[in-house]
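Geometric and topological summary
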Amino acid sequence: MHERILIVDFGSQYTQLIARRVREHDVFSEVVPAQVAHEHLGEDLRGVILSGGPASAYLEGAPDMDASVLDAGVPILGICYGMQWMCESLGGKVVPGESREFGFTEMTVDDDTGFFGGINPETVVWMSHGDRVAELPAGFRRLAHSADCPEAAVGDPDRGFYGLQFHPEVAHTPEGVAMLENFLKKVAGCEGDWTPGDLADELVRQAEEQIGNDGEVVLGLSGGVDSSVVGAILQKAIGRRCHAIFVDNGLLRAGERDLVEVKYREHFDLDLTVVDAGERFLSKLAGVTDPETKRKIIGHEFIEVFREQAQRFERAHFLGQGTLYPDVIESVAAHGGATEVIKSHHNVGGLPDDLEMELVEPLRLLFKDEVRVLGSCLGVPDELTQRQPFPGPGLAVRCVGECTPARIELLRQADLIVREEFENRGEHEGVWQYFAVLTGAQSVGVMGDQRTYEEAVAIRAVQSSDGMTADWVYPSRDCLQAISNRIINQVRGINRVVLDITSKPPGTIEWE
Ligand code: XMP
């Protein structure tokens, strides 16, 4: 039995991020909705973390939890709404703040023992709240304050109860990782007995259980990190009852199909089928320029191909996909609609209501870098786990305007040059993604005394840890020059190359 942390979800956007931070310290956690939290106590429980949430603790109908969790005899960390709920429930008082606090805030630590042990007395935290705790429950005292929030952190260290008005789980709280480590290790006494190998075993076990003894899975294999790792999980769980389908949709990068056919046959013992569907996808995209429509058409066509393939197998009632948590949070309105839909990621947003296949998505709660580590544990070779991410809808979301076969081919050639120059110079190391975008702009040029009027390509390279936020990367001048020269000289139809210097937010990584 592993030591366990219970994460109680009050509807925060960051709940899975809290789970991820707990995993980073090799501690097993379970995320449960607040209404049922009391059913998940037990001997293995070492601590409870209460998430934030959009509601106000003093209003009628605010999310509630059975108070028995407070009497479980384990330390509790309440974050934002979680802190306010805990304070109200223990006899304190929460009121609307005089001013709202959002973003970076300087905070002074008043008690540097226990939870704040080793943390700088003056530190920066990420706030996002309107309400504040005005009266503390019995036994609680202030542990940290900011200019606008006298109770930025409060606690009853004797009971191991702590409340934070800020978010330690987000990267914008630089010492948040250390604070959570203090809670897990010093306050809750966890040793860290849950490794990525345990996670791999658990995911294999869950897949076995879901699919049963004779179920078969059609797995959408894209050649990317995520579906490769799902392939490895399913191979362990159900062996050749997993039928991997690689769809050549005419929107792939140069060399991708050959690489997948060779590498997968070399490293996996899956039943692999390559479906030639280029014409089919491109004809459906003819005349379409709206980004969301493109995504929907491609998602729909993928599903049709998988459905047709599933007909070949008697018990293929399952569809396996490499969906990750950031795909889920950006594609669906999580927690009853609080989250805005940014893009319909093809493996989440485009599923029909009458799919009649159950989804197998073992990576649904994980982040990309965790999937890479998991892949290594499962024996997936580095050349597959360390590849740069490539979106499901392929080059279509990098081809602004219509995806004609000729324009996709231009982009494919330009993209190969960008990749080769980054990789041959070692400039791809530590870079999340580096690729070309056909911008849809045309511009006038002069080549050999002749006027040209051709397409403009953008170089897009970004740094990121999970794809949810990103900073643009500045390649060396030599690299930029080589890319520019080669694209303009070698790719007929492109006469201009520009560099995209937009971070996410406000941009997204892909152009569509
Ligand atoms: P955006 O453009 O949303 O991209 O900032 C974030 C990360 O997700 C990848 N991406 C996708 N991956 N299906 C996928 O599997 C999709 O539809 C999709 N759209 C974007 C993108 O390459 C980046 O790594």
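Residues numbered from 1 in each chain as written. Predicted model: local features only at pLDDT ≥ 70, side-chain atom pairs only at ≥ 80, totals over all residues. Heavy atoms only, no water.

1. Quick look at the overall build of the protein
Secondary structure summary: the protein contains 15 helices and 18 strands in total. The C-alpha radius of gyration of the protein comes to 25 Å, within 12% of the 24 Å expected for a compact globule of 512 residues. Excluding contacts between residues fewer than 6 apart, the proportion of contacts in the protein whose partners are at least 24 apart in sequence is 73%. When the accessible surface of the protein is totalled, it reaches about 21,500 Å², and 47% of it is carbon and sulfur. A gap of 6 Å separates the mean positions of the 46 positive and 83 negative side-chain charges of the protein. (Helix = DSSP H or I, 4+ residues; strand = E, 2+ residues; numbered from the N terminus. Rg over C-alpha atoms; globule rule 2.2 N^0.38 Å. Contact = heavy atoms within 4.5 Å. Areas by Shrake-Rupley, 256 points an atom, 1.4 Å probe, with all protein chains shown as cover. Lys, Arg positive; Asp, Glu negative; His and termini not counted. Charge placed at Lys NZ, Arg CZ, Asp CG, Glu CD.)

2. Thoughts on the domain arrangement of the protein
A common measure of how large an interface is: the accessible area buried when the components associate. We note that the domain assignment places domain 1 (4-187), domain 2 (196-385) and domain 3 (404-499) within the protein. Tallying the contact residues gives 13 residues for domain 2 and 10 residues for domain 3. Both sides of the domain 2 and domain 3 interface together cover about 960 Å² of buried area, and 63% of this is carbon and sulfur. The largest contributions to the domain 2 side of the interface with domain 3 come from Arg253, Ala254 and Leu282, which together make up 37% of the buried area. (Domains from an automatic or database assignment. Buried area = accessible area lost by both parts, 1.4 Å probe.)

3. Quick word on helix 7 (residues 278-285)
Considered for burial, the residues of helix 7 that qualify are Gly278, Phe281, Leu282 and Leu285. Projected down its long axis, helix 7 carries its buried residues within an arc of 90 degrees, all on one side. What points out from helix 7, more than 90 degrees from its buried face, is the exposed set Glu279 and Ser283. Buried residues along helix 7 sit in contact with strand 11 (242-248), strand 12 (271-276), helix 8 (291-310) and helix 14 (405-424). (Buried < 20%, exposed > 50% of the residue type's maximum accessible area, 1.4 Å probe, protein only. Arc of directions from axis to C-beta.)

4. Regarding the packing of helix 5 (residues 225-238) against helix 12 (residues 368-377)
Contact geometry for helix 5 and helix 12: axes closest at 10 Å, N-to-C directions at 40 degrees. Accordingly, the angle class assigned to the pair helix 5 and helix 12 is oblique. Between helix 5 and helix 12 lies a crossing whose hand is left-handed. Along the contact surface, helix 5 presents Val225, Asp226, Val229 and Ile233, while helix 12 presents Lys368, Val371, Arg372, Leu374 and Gly375. Of the residues belonging to the contact of helix 5 with helix 12, the class tally is 5 nonpolar, 1 polar and 3 charged. (Axes fitted to C-alpha atoms, helices over the stretch in contact; angles between N-to-C directions. Parallel < 35°, antiparallel > 145°, perpendicular 65-115°, else oblique. Left-handed = near helix turned anticlockwise from the far one by under 90°. Nonpolar A, V, L, I, M, F, W, Y, C, P; charged D, E, K, R; others polar.)

5. Details of unusual backbone geometry
With an omega dihedral of -20 degrees, the bond running from Lys504 to Pro505 counts as a cis peptide bond. Structurally, the position occupied by Pro505 is in the segment after strand 18 (494-499). Of note, Asp26 is a non-glycine position whose phi angle comes to about 60 degrees, a positive value. Within the secondary structure, Asp26 sits in the loop between helix 1 (15-24) and strand 2 (28-33).

6. Describing the environment of Gly212
You can see Gly212 is positioned in the loop between helix 4 (196-211) and strand 10 (217-220). Along the sequence, Gly212 and Ile238 sit 26 residues apart, while their C-alpha atoms lie 8.8 Å from each other.

7. Let's talk about the confidence of the model for the protein
Across the protein, pLDDT averages 93, with 96% of residues at or above 70. A low-confidence stretch, residues 333-340 (pLDDT under 50), is modelled with 11 contacts involving residues beyond four sequence positions or located in other chains. (pLDDT = per-residue confidence, 0-100.)

8. A look at the pairing of strand 16 (residues 450-463)
Pairing of strand 15 (residues 433-447) with strand 16, which is carried by 12 bridges, proceeds in the antiparallel orientation. If you follow Phe435 over to strand 16, its bridge partner there is Arg460. Here strand 15 hands over to strand 16 after 2 residues, with Gly448 in that stretch at a positive phi of 55 degrees. Bridge analysis of strand 16 against strand 18 gives 5 bridges, and the strand direction is parallel. In the sheet register, Ile459 faces strand 18, and the bridge partner there is Leu499. In terms of strand pairing, strand 16 meets strand 17 (residues 471-472) through 2 bridges, oriented antiparallel. Looking at the pairing, Gln463 lines up with Asp471 of strand 17. (Pairing = 2+ DSSP bridges.)

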